[in-house]
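# Topology and contacts: notes
Chain residues, written in single-letter form:
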Amino acid sequence: MPYLGLLFNAFVWGLSWWPLRQLQAMGLHAVWATMLFFLMGVLVIGVARREAWSGVWRTPSLWVLALATGATNAAFNWGVATGEVVRVVLLFYLMPLWAVGLAWWLLGERITPMAAVRVLLALGGALLVLRPEDGGWPRFNGLPDWLGLAGGLGFAVTNVMLRRASERTSAERALAMFSGGVCLPALAGLVLAGQGLIPGWPAFDWAWLLLAGAMGVAFFAANLAMQYGASQIPVHLTSVVMLTEIVFASGSAVWFGGETLRPVVLLGGGLILLAALMATRDEA
């Protein structure tokens, strides 16, 4: 059951690009959708664990955790809703590259030779993923690629801050993460919509409201499943199972999303996956 819980979480995140694109077609931008997805978590945890509010309020590290989580989710969802899913997901999972530097800076962890190898593998994989089909130097294909990269950096910060806030209760950490998933996208949406960079809030429609509500339930259930699974099995095994999100996302994008997997992208993705697996070995 713990492994199934982790797989369910990876499945929900791996296939989230499809409902996000449906919502985008209905007029609800991914930034607004992200805010709605995490609203349920805030309401449930905020009511069931009301004492967690005071813990979040007086703990600055949880504020940073909230900001990092909000940035991670908004960037990832926006990226997969508008870009090539395979590229965005692989760039997102460059997290081991960022985690090495952040753990050294924020946690004082020593950069080992194996950590340096992980960085080189992840960087080499990214260069292959970003290499154009017609050859030439690697380059970003517009905003979605940058969003995938930014989401991965936010994910690395999230993981580091979770370790830094390990003395706080699970309810406080969860409330901070869900609150960040609501507040930061809401603020970003207001600023970006005011500048005309994304569409404003759409006219009310039961279609997008029901789909966004269903996704909110799915994300909340996925979060509970992940917490259950992660509490039952070792951390390094949790990390390995979570990497199946790459398989779910890439497979679904190729199967019914019309995308193709070029050999060079497969090779780059393999290097990124290897770097992530080496990171789980270090955790073990």
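Here's what I pulled together on the structure shown here. (Residues numbered from 1 in each chain as written. Predicted model: local features only at pLDDT ≥ 70, side-chain atom pairs only at ≥ 80, totals over all residues. Heavy atoms only, no water.)

### Some details on the environment of Asn159
Going by this rule: Helix and strand assignments follow DSSP, with helices taken as H or I runs no shorter than four residues and strands as E runs no shorter than two, numbered in order from the N terminus.
One can find Asn159 in helix H9 (residues 143-164). The sequence separation of Asn159 and Met95 amounts to 64 residues, and the corresponding C-alpha distance is 9.4 Å.

### Examining the pattern of salt bridges
Convention followed: We define a salt bridge as a side-chain nitrogen of Lys or Arg found within 4 Å of a carboxyl oxygen belonging to Asp or Glu.
Under the defined criterion, the tally for this structure stands at two salt bridges. Of the charged contacts in the structure, one is a salt bridge between Asp145 and Arg87, with a shortest N-O distance of 2.5 Å. Placement of Asp145 in helix H9 and of Arg87 in helix H6 (residues 85-92) is noted, with a sequence separation of 58 residues between them. Residue Arg168 is joined to Glu172 by a salt bridge in which the shortest nitrogen-to-oxygen separation is 3.0 Å.

### Digging into the nonpolar core
Inclusion rule: For our purposes a nonpolar core is just a set of buried Ala, Val, Leu, Ile, Met, Phe, Trp, Tyr and Cys residues, chained together by side-chain atoms within 4.5 Å. Buried residues are those whose accessible area, probed at 1.4 Å on protein chains only, stays under 20% of the maximum for their type, while exposed residues exceed 50% and partly exposed ones sit between those limits. Here, two residues are considered to be in contact whenever any of their heavy atoms come within 4.5 Å of each other.
If you look at the biggest cluster of nonpolar residues, it comprises 72 residues, and the most contacted ones within it are Leu28, Phe37 and Val89. For this core, the leading source of residues is helix H3 (residues 30-48), giving ten residues. Contact partners of Leu28, with chain neighbours within four places excluded, come to Leu23, Ala33, Leu36, Trp201, Pro202, Trp208 and Ala212.

### Quick notes on a nonpolar patch on the surface
Our working definition: Candidate patch residues must exceed 30% relative accessible area and have no salt bridge, after which like charges are joined if within 9 Å and Val, Leu, Ile, Met, Phe, Trp or Tyr side chains if within 5 Å. Working definition of accessibility: Shrake-Rupley area with a 1.4 Å probe, residue cover restricted to the visible protein chains.
Together, Met1, Leu4, Leu7 and Tyr228 make up an exposed nonpolar region whose accessible area comes to about 410 Å². The topology assignment puts Tyr228 in helix H11 (residues 206-232).

### Quick look at H6
When you tally the buried positions in H6, you get eight out of eight residues, the bulk of the element. Every buried residue of H6 is accounted for by Val85, Val86, Arg87, Val88, Val89, Leu90, Leu91 and Phe92.

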